[in-house]
Amino acid sequence: MEGLVTASLWRGRRVFVTGHTGFKGGWLALYLTHLGAQVRGYALDPDTTPNFFDAVQLGDRVEDIRGDIRDAAKLDAAMHSFQPEVIFHLAAQPLVRLSYADPIGTYETNVIGTARVLDAVRRTPSVRAVVSVTTDKVYENREWSWPYRETDRLGGYDPYSSSKACAELVTAAYRSSYFSSGEVRIATARAGNVIGGGDWSDDRLLPDLVRGFLAGEPVRIRHPHAVRPWQHVLEPIHGYLLLAESLLASKKCAAAYNFGPPDEDARPVEWIAAHMAELWGDGASWVLDPEPGVHEAGRLRLDASLARNELSWTPQLRLASALDWLVQWRRAHAAGQPMQPFSLDQIAMYEALVQRL
């Protein structure tokens, strides 16, 4: 059935995931084990306590290796000894405001780290497909009203966005210089602002909101009119899996794919804050931050027509439902429920939505 991940294709397949201790990488690794894949993760320790990796006891389901993607020798050894067929590269410095404080570390991780991963692939003959995850912020933002397409100009106002645009260029250079024969197929994936249970990142809207709600304090919101393409974390992950399947099935060297929500789910920050406060209840509230701080893009939307047409990928969760799933996850965690089965249940519910297409 079109648009469905093929479980039999992943069963027993060896998959190497960088960044598995992060929010999105953790959900991807959990989804892969749900499909029956053998997963080796390579990443630094989680950035926060608590974190998704520990909350769902992911170490019980994946082979967990801690290391820096900039460490060529350790990365090469971890990848080569595992002999994976598929690589998902998600390890990154993912925060805009942190990139202002540490631009060099951001460029080293996101640009040189990506080059290290692709260079390790050159020396690992088992690899057949690579999905390198970047961001919706790789585009030169012109604050226009229509969505960005994969062919639009890359750019980046801040060090984070710029570093991810550089990672796109690095990936393109490796694809044309070393993998043009098609023996290894490499694509990049540009997703919108992902949300969901298990994200405790600092200085990110949804985690900040939940922290404030749990503490019973008004949450400071900056840039209330900024529009972003919000989507549940399982949406792009489903796309990454379909993209990897396409790469495994074809000699075609693909380029880049956007994974974004329907236009009507590209909402301003203040809409998200108000809807979350209503969902949470218990007197949850928010206020405008009088010091919004560093520059952030005012409007950002993605055109995901290519993913729809070539991969049969279609968003399943409307934004209101995605926020509800996030609230359910965080309330379950706060109540002390076991979060691995809860998270696997959300994956199963998402799959049921796809099957109803």
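Residues numbered from 1 in each chain as written. Predicted model: local features only at pLDDT ≥ 70, side-chain atom pairs only at ≥ 80, totals over all residues. Heavy atoms only, no water.

1. Notes on the packing of helix α8 (residues 205–215) against helix α10 (residues 269–280)
So, step 1. It is at 11 Å that the axes of α8 and α10 come closest, and there the two elements cross at 35°. Of the two possible hands of crossing, α8 and α10 adopt the one that is right-handed. On α10, the residues that touch Leu 205, Leu 206, Leu 209, Val 210, Phe 213 and Leu 214 of α8 are Val 269, Ile 272, Ala 273, Met 276, Ala 277 and Trp 280.
So, step 2. Of the residues that constitute the contact of α8 with α10, the class distribution is twelve nonpolar, no polar and no charged. (Axes fitted to C-alpha atoms, helices over the stretch in contact; angles between N-to-C directions. Helix = DSSP H or I, 4+ residues; strand = E, 2+ residues; numbered from the N terminus. Left-handed = near helix turned anticlockwise from the far one by under 90°. Contact = heavy atoms within 4.5 Å. Nonpolar A, V, L, I, M, F, W, Y, C, P; charged D, E, K, R; others polar.)

2. A short note on the pattern of salt bridges
So, step 1. Under the definition given, this model contains 24 salt bridges.
So, step 2. Arg 149 serves as the salt-bridge partner of Asp 303, at 3.1 Å between the closest nitrogen and oxygen. Within this pair, whereas Asp 303 is found in the loop between β12 (286–288) and α11 (305–311), its partner Arg 149 is found in the loop between β5 (129–133) and α7 (159–178), the two being separated by 154 residues in sequence.
So, step 3. Residue class for Asp 303 comes out buried when judged on its relative accessible area of 14%.
So, step 4. Connected via shared salt-bridge partners are Asp 76, Asp 119, Arg 122 and Arg 123. (Salt bridge = Lys/Arg side-chain N within 4 Å of Asp/Glu carboxyl O. Buried < 20%, exposed > 50% of the residue type's maximum accessible area, 1.4 Å probe, protein only.)

3. What to know about helix α2 (residues 23–34)
So, step 1. Counted at 1.5 Å a residue, the expected span for α2 with its twelve residues is 16 Å, and the 17 Å between its end C-alpha atoms agrees.
So, step 2. The buried fraction of α2 is high, at eleven of twelve residues.
So, step 3. Within α2 the residues assigned to the buried category are Phe 23, Lys 24, Gly 25, Gly 26, Trp 27, Leu 28, Ala 29, Leu 30, Tyr 31, Leu 32 and Thr 33. (Expected span 1.5 Å × (residues − 1).)

4. Regarding the sheet that holds strand β9 (residues 227–232)
So, step 1. With respect to topology, three strands assemble into an open sheet ordered β7-β9-β11, the strand pairing being mixed. Only two strands of the sheet have a single neighbouring strand rather than two, namely β7 (193–195) and β11 (266–268). The sheet shows a mean angle of 50° between the axes of neighbouring strands, direction not considered.
So, step 2. Here β7 runs beside β9; their pairing, made up of three bridges, is parallel. Residue pairing across strands places Asn 193 opposite Trp 230, the latter belonging to β9.
So, step 3. The sheet strands contacting helix α9 (residues 234–249) are β7 and β9, and the helix crosses β9 at an angle near 70°. (Pairing = 2+ DSSP bridges.)

5. Observations concerning the pairing of β9
So, step 1. β9 sits mainly inside the fold: six of its six residues count as buried.
So, step 2. Burial along β9 is two-sided: Val 227, Pro 229 and Gln 231 facing one way and Arg 228, Trp 230 and His 232 facing the other are all buried.

6. Examining the UniProt feature "domain: NAD-dependent epimerase/dehydratase" (unreviewed entry) in the protein
So, step 1. The feature "domain: NAD-dependent epimerase/dehydratase" (unreviewed entry), as given by UniProt, occupies residues 15–247 in the numbering adopted here.
So, step 2. Here residues 15–247 runs as 42% helix and 18% strand, with 14 Å between its end C-alpha atoms. (UniProt positions renumbered as here; feature names shortened; annotations may be inferred.)

7. Topic: the sheet that holds strand β4 (residues 86–89)
So, step 1. As summarised here, the arrangement of the seven strands in space is β3-β2-β1-β4-β5-β6-β10, forming an open sheet in which the pairing is parallel. Edge strands, defined here as strands with exactly one partner in the open sheet, are β3 (63–66) and β10 (256–259). Between one strand axis and the next, the sheet turns through 20° on average, direction left out of account.
So, step 2. Judged from the five bridges that link them, strand β1 (residues 14–18) and strand β2 (residues 38–43) form a sheet pairing that is parallel. When the sheet's bridge partners are listed, Arg 14 is paired in β2 with Gln 38.

8. Quick word on the environment of Leu 306
So, step 1. Note that Leu 306 resides in helix α11.
So, step 2. It is 30 Å that separates the C-alpha atoms of Leu 306 and His 223, two residues lying 83 residues apart in sequence.
So, step 3. Filtering out sequence-adjacent residues up to four positions away, Leu 306 remains in contact with Glu 150, Ala 256, Tyr 257 and Leu 311.

9. Observations regarding the packing of aromatic side chains
So, step 1. Considering all chains together, one arrives at ten aromatic pairs under this definition.
So, step 2. With a centroid separation of 4.9 Å and 25° between ring planes, the pair formed by Trp 27 and Phe 52 is classed as stacked. Taken together, the residues Trp 27 in helix α2 and Phe 52 in helix α3 (residues 52–55) connect sequence positions 25 residues apart. There is no split in this pair, since Trp 27 and Phe 52 are both buried.
So, step 3. With 5.8 Å between their ring centres and 70° between their planes, Trp 200 and Trp 329 make a pair best called edge-to-face. (Phe/Tyr/Trp six-rings, centres within 6.5 Å; stacked < 30°, edge-to-face > 60°.)

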